[in-house]
Amino acid sequence: IKDIADKANVSKSTVSKALGCATDINELTRERVLYCASELGYEIKKYKAQTKGNLITFVEGIDYDNVNQFGYDLILGFQIAASDAQYGVNVVSIKNTDKLNSKYEDIMKKGEYCGSFILGFKPDDYFLASIKDAGIPAVVLDNDYDSEFVARVGSDNKVGIGMVVKHLYNLGHKKIAFFGGDEDSNVTRERKNAFIESLNNNGLEFEEKLIA
């Protein structure tokens, strides 16, 4: 309880209320406490019997420590949806994808996980083979794969980029730059193509030197 309280920056009594389903606690605070408990690897034993199974989230290159970070909403949203469906979630931050490749199948089977959510990195062919060998489905943020075991979830890049370019254009900007990510990434290609199309739609000239 102390570890969770320190991480969530709340009192130990608040943690006890959140874990004990007390009614005199703000729902957002409860969600934050449960998020921190999950991230620290704690399992709420009271609900174990109600759980259909466990899921794991692998995270690399995405910050998710506080509510102001993009990754926080992603993981919290996943945890809430999983909880509603009676699944437990364990969050694992990794720093070296290559090391994970050789351990994926062992991790999934040892933890008796029935699925994984992959954030912040693009699984390579070896990793995809590990997913197939494990026979356990995975969901990847943004990147797309031709595999029966891997699904993709993400935002509508065309609509999003279109809104960005239109907003900047309405503010009077005529030269708009595009900063992408990995050139082999599906999401980078989608956003770049949408960017070029959005420039044309707003009568702006595409300049290769403004693409990075």
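Because the structure is predicted, anything quoted here is derived from the model rather than measured.

*Asks:* Honestly, the environment of Asn170 in this entry has me stumped. Any pointers?
*Replies:* Mapped onto the fold, Asn170 is located in helix 8 (residues 157–170). In this structure, the C-alpha to C-alpha distance between Asn170 and Asn202, residues 32 residues apart in sequence, is 9.6 Å.

*Asks:* Looking at this structure, I do not really get the pairing of strand 3 (residues 113–119). What am I missing?
*Replies:* Within a regular strand, the side chains alternate between the two sheet faces. In terms of residue burial, strand 3 counts as a mostly covered element, since six of its seven residues are buried. Strand direction decides the pairing type here: strand 1 (residues 53–59) and strand 3, joined by five bridges, are parallel. Residue Val59 lies in a different strand from strand 3, and its bridge partner there is Leu119. Both strand 3 and strand 4 (residues 138–141) contribute to a ladder of three bridges, which runs parallel.

*Asks:* Is there a simple way to think about the sheet that holds strand 4 in this case?
*Replies:* In a beta sheet, neighbouring strands are held together by backbone hydrogen bonds and run either parallel or antiparallel to one another. With parallel pairing, five strands are arranged side by side in an open sheet as 2-1-3-4-5. Because the sheet does not close on itself, it has two edges, and the strands there are strand 2 (87–93) and strand 5 (150–153). Neighbouring strand axes in the sheet, compared pairwise and without regard to direction, differ in orientation by 20 degrees on average. On top of the sheet, helix 4 (residues 70–84) reaches strand 1, strand 2, strand 3 and strand 4; it is set at about 155 degrees to strand 2, its chief contact.

*Asks:* Any chance you could explain the packing of helix 2 (residues 12–19) against helix 3 (residues 27–39) here in plain terms?
*Replies:* Each pair of packed helices can be summarised by the angle the axes make with each other and by the distance between the axes. One can describe the packing of helix 2 onto helix 3 by two numbers: an axis separation of 9 Å at closest approach and a directional angle of 95 degrees. Comparing their axes, helix 3 and helix 2 come out roughly perpendicular. Within the contact between the two elements, helix 2 uses Thr14, Val15, Lys17, Ala18 and Leu19 and helix 3 uses Thr29, Arg30, Val33 and Leu34. A breakdown of the residues in the contact of helix 2 with helix 3 according to their chemical character gives five nonpolar, two polar and two charged.

Parameters at a glance
- Chains are numbered independently. Their residues run from 1 in the order of the written sequence.
- pLDDT decides what is reported in this predicted model: residues at 70 or higher carry local features, side-chain atom pairs at 80 or more are listed and counted, and totals for whole chains, interfaces and linings draw on all residues regardless.
- To get the side-chain values, take all heavy atoms of the structure and skip hydrogens and water.
- A helix here means a DSSP run of H or I that spans at least four residues, while a strand means a run of E at least two residues long, and both kinds are numbered starting from the N terminus.
- Here the term buried applies to any residue with accessible area under 20% of the maximum for its type, exposed to any over 50%, and partly exposed to those in between, with areas from a 1.4 Å probe on protein chains only.
- Pairing between strands requires that DSSP locate at least two bridges from one strand to the other.
- Where helices are involved, their axes are fitted lines through C-alpha atoms of the stretch in contact, as for all axes, and angles between N-to-C directions lie from 0 to 180°.
- Here, two residues are considered to be in contact whenever any of their heavy atoms come within 4.5 Å of each other.
- Working definition: roughly parallel below 35 degrees, roughly antiparallel above 145 degrees, roughly perpendicular at 65 to 115 degrees, and oblique for all remaining angles.
- Residue classes follow a fixed rule: Ala, Val, Leu, Ile, Met, Phe, Trp, Tyr, Cys and Pro count as nonpolar, while Asp, Glu, Lys and Arg count as charged, and any other residue, Gly among them, counts as polar.

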